[in-house]
Amino acid sequence: DTGVSQDPRHKITKRGQNVTFRCDPISEHNRLYWYRQTLGQGPEFLTYFQNEAQLEKSRLLSDRFSAERPKGSFSTLEIQRTEQGDSAMYLCASSQRRTGQETQYFGPGTRLLVL
Amino acid sequence: KQEVTQIPAALSVPEGENLVLNCSFTDSAIYNLQWFRQDPGKGLTSLLLIQSSQREQTSGRLNASLDKSSGRSTLYIAASQPGDSATYLCAVNNQGGKLIFGQGTELSVKP
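Quick caveat, the model's predicted, so the values are computed rather than measured.

Looking only at helices and strands, one finds 0 helices and 11 strands in chain B. Seen in sequence order, chain B has helices and strands lined up from the N terminus as β-β-β-β-β-β-β-β-β-β-β. At 13 Å, chain B has a C-alpha radius of gyration in line with the 13 Å of a compact globule built from 111 residues. Projected onto its principal axes, the C-alpha positions of chain B cover 40 × 25 × 20 Å. Counting contacts in chain B only where the partners sit at least 6 residues apart, residues at least 24 apart contribute 53% of the total. Accessible area of chain B: about 5100 Å², with a carbon and sulfur share of 46%. Distance between charge centres in chain B, computed from 9 positive and 9 negative side chains, equals 5 Å.

Quick look at the layout of surface pockets now. Each pocket or cavity is described by its volume, and for the largest pocket that value is around 580 Å³. Looking at the lining of the largest pocket, the elements that each hand over two or more residues are strand 5 (44-50) and strand 6 (53-57) of chain A together with strand 10 (99-101) of chain B. Of all the elements, strand 10 of chain B adds the most residues to the lining of the largest pocket, at 3 residues. Residue composition of the lining of the largest pocket, by class: 7 nonpolar, 7 polar and 7 charged. A volume near 460 Å³ is recorded for the second largest pocket. What lines the second largest pocket is a set of 23 residues, and nearest its centre among them are Q37, L39 and G40 of chain A together with Q38 and T87 of chain B. Counting only elements with at least two residues in the lining of the second largest pocket, the list comes to strand 9 (86-93) and strand 11 (105-110) of chain B. Considering every element that reaches the lining of the second largest pocket, the biggest residue donor is strand 11 of chain B, with 4 residues.

Here we take up the interface of chain A and chain B. Between chain A and chain B, the residue contacts involve 25 residues of the former and 20 residues of the latter. Both sides of the chain A and chain B interface together cover about 1800 Å² of buried area, and 47% of this is carbon and sulfur. Inspection of the region where chain A meets chain B yields 1 salt bridge. Its salt-bridge partner being E56 of chain A, residue K98 of chain B comes within 2.8 Å of it at the nearest N-O pair. The tally of links between chain A and chain B comes to 7 residue pairs in polar contact (both at pLDDT 80 or more). Mapped onto the side of chain A that touches chain B, the elements with two or more residues apiece are strand 4 (31-37), strand 5 and strand 9 (88-95) of chain A. Top contributing element to the side of chain A that touches chain B by residue count: strand 4 of chain A, with 4 residues. Here the side of chain A that touches chain B is composed, by residue class, of 9 nonpolar, 10 polar and 6 charged.

All names here are of chain A. Summed over the entire model, instances satisfying the criterion amount to 10 aromatic pairs over all chains. Between F21 and Y90, the aromatic rings sit 5.4 Å apart at their centres with planes inclined by 45°, giving tilted as the arrangement. Of this pair, F21 sits in strand 3 (residues 19-24) while Y90 sits in strand 9, and the two are 69 residues apart along the sequence. The ring of F74 carries the charged tip of R22 above its face, separated from the ring centre by 3.9 Å.

Before going further, it helps to examine the state of the cysteines. Residue and element names in this part refer to chain A. According to the stated counting rule, one finds 2 disulfides over all chains in the structure shown. Two residues, C23 and C92, share a disulfide whose sulfurs are 1.8 Å apart. Around the S-S axis, the bridge from C23 to C92 shows a dihedral of about -65° and counts as left-handed. Taken as a pair, C23 in strand 3 and C92 in strand 9 lie far apart in primary sequence, 69 residues in all. Classification of C23 as buried rests on a relative accessible area of 0%. Here C92 falls in the buried class, since its relative accessible area comes to 0%.

All names here are of chain A. Enumeration over the complete set of coordinates arrives at 7 salt bridges over all chains. A salt bridge links R22 to D24; the nearest nitrogen and oxygen atoms lie 2.7 Å apart. Linked by salt bridges that have partners in common, R64, E83 and D86 make up one network.

The next point concerns the sheet that holds strand 3 (residues 19-25) of chain B. All names here are of chain B. Pairing in this open sheet of 5 strands is antiparallel, and the strands run 1-3-8-7-6 from one edge to the other. With one partner strand each, in any of the chains shown, strand 1 (4-7) and strand 6 (56-59) form the two edges of the open sheet. Between one strand and the next, the sheet's axes are offset by a mean angle of 15°, whatever the strand orientation. Of the strand pairs in this sheet, strand 3 and strand 8 (residues 72-77) are connected by 6 bridges, and their pairing is antiparallel. Bridging across to strand 8, L21 finds its partner in L75.

Reading guide: rules and limits
- Residues numbered from 1 in each chain as written.
- Chains lettered and ligands numbered in written order.
- Predicted model: local features only at pLDDT ≥ 70, side-chain atom pairs only at ≥ 80, totals over all residues.
- Heavy atoms only, no water.
- Helix = DSSP H or I, 4+ residues; strand = E, 2+ residues; numbered from the N terminus.
- Rg over C-alpha atoms; globule rule 2.2 N^0.38 Å.
- Contact = heavy atoms within 4.5 Å.
- Areas by Shrake-Rupley, 256 points an atom, 1.4 Å probe, with all protein chains shown as cover.
- Lys, Arg positive; Asp, Glu negative; His and termini not counted.
- Charge placed at Lys NZ, Arg CZ, Asp CG, Glu CD.
- 1 Å grid on protein atoms, 1.4 Å probe; cavity = no way out; pocket = protein on both sides within 12 Å on 5 of 7 lines; lining within 4 Å.
- Points joined across faces, edges and corners; volume = space filled by probe spheres on them.
- Nonpolar A, V, L, I, M, F, W, Y, C, P; charged D, E, K, R; others polar.
- Buried area = accessible area lost by both parts, 1.4 Å probe.
- Salt bridge = Lys/Arg side-chain N within 4 Å of Asp/Glu carboxyl O.
- Polar contact = N/O pair within 3.5 Å; in protein donor to acceptor, adjacent residues only side chain to side chain.
- Phe/Tyr/Trp six-rings, centres within 6.5 Å; stacked < 30°, edge-to-face > 60°.
- Lys NZ or Arg CZ within 6 Å of the ring centre and 35° of its normal.
- Disulfide = S-S within 2.5 Å.
- Buried < 20%, exposed > 50% of the residue type's maximum accessible area, 1.4 Å probe, protein only.
- Pairing = 2+ DSSP bridges.
- Axes fitted to C-alpha atoms, helices over the stretch in contact; angles between N-to-C directions.

See below:
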């Protein structure tokens, strides 16, 4: 168990550029979540997958955001035409669906700064 | 719509003190509740998970309680240490899988 990993850890981009983040969950976990956290706030849910199926998307996830988990393993989160308001920490978490005991384990996050 | 509130937003205590962090939620139909720790600029570390059928969970110097009927959870930290300084986040799972977080309590333990 190597934990949840995210890449890159930091990303600086100019407004209008596209960025893509990757998350590798704990290997036996079938659920994968994306959250966004801004300074001084708790994380906000963006979307989650069970295996390769995207089960829920937040209204925060505008048309510029897309997430995939093509083989039910790693996931990517792409932001097109970035805006300064997209600057935040993007957190990925994974879990194994078990009744009542679904602990979510978080990765170190990708910090995005849009100039 | 579930809302989670944590009070206080910040807390400073001297080393060795016992302390309680509070979390309240508006919808009592929860699946479970998790407490996390977050160090500055880092990801979240899971501390404790309480299932909806449980009243409390303990891990070392940490004890978390859950009262669904009143929409409250507390995190008790015994004999606080400077290494406990971090932001503590409470999150509720309403069976949809996603977690709904409070804004966190920033704890500072002074030597």
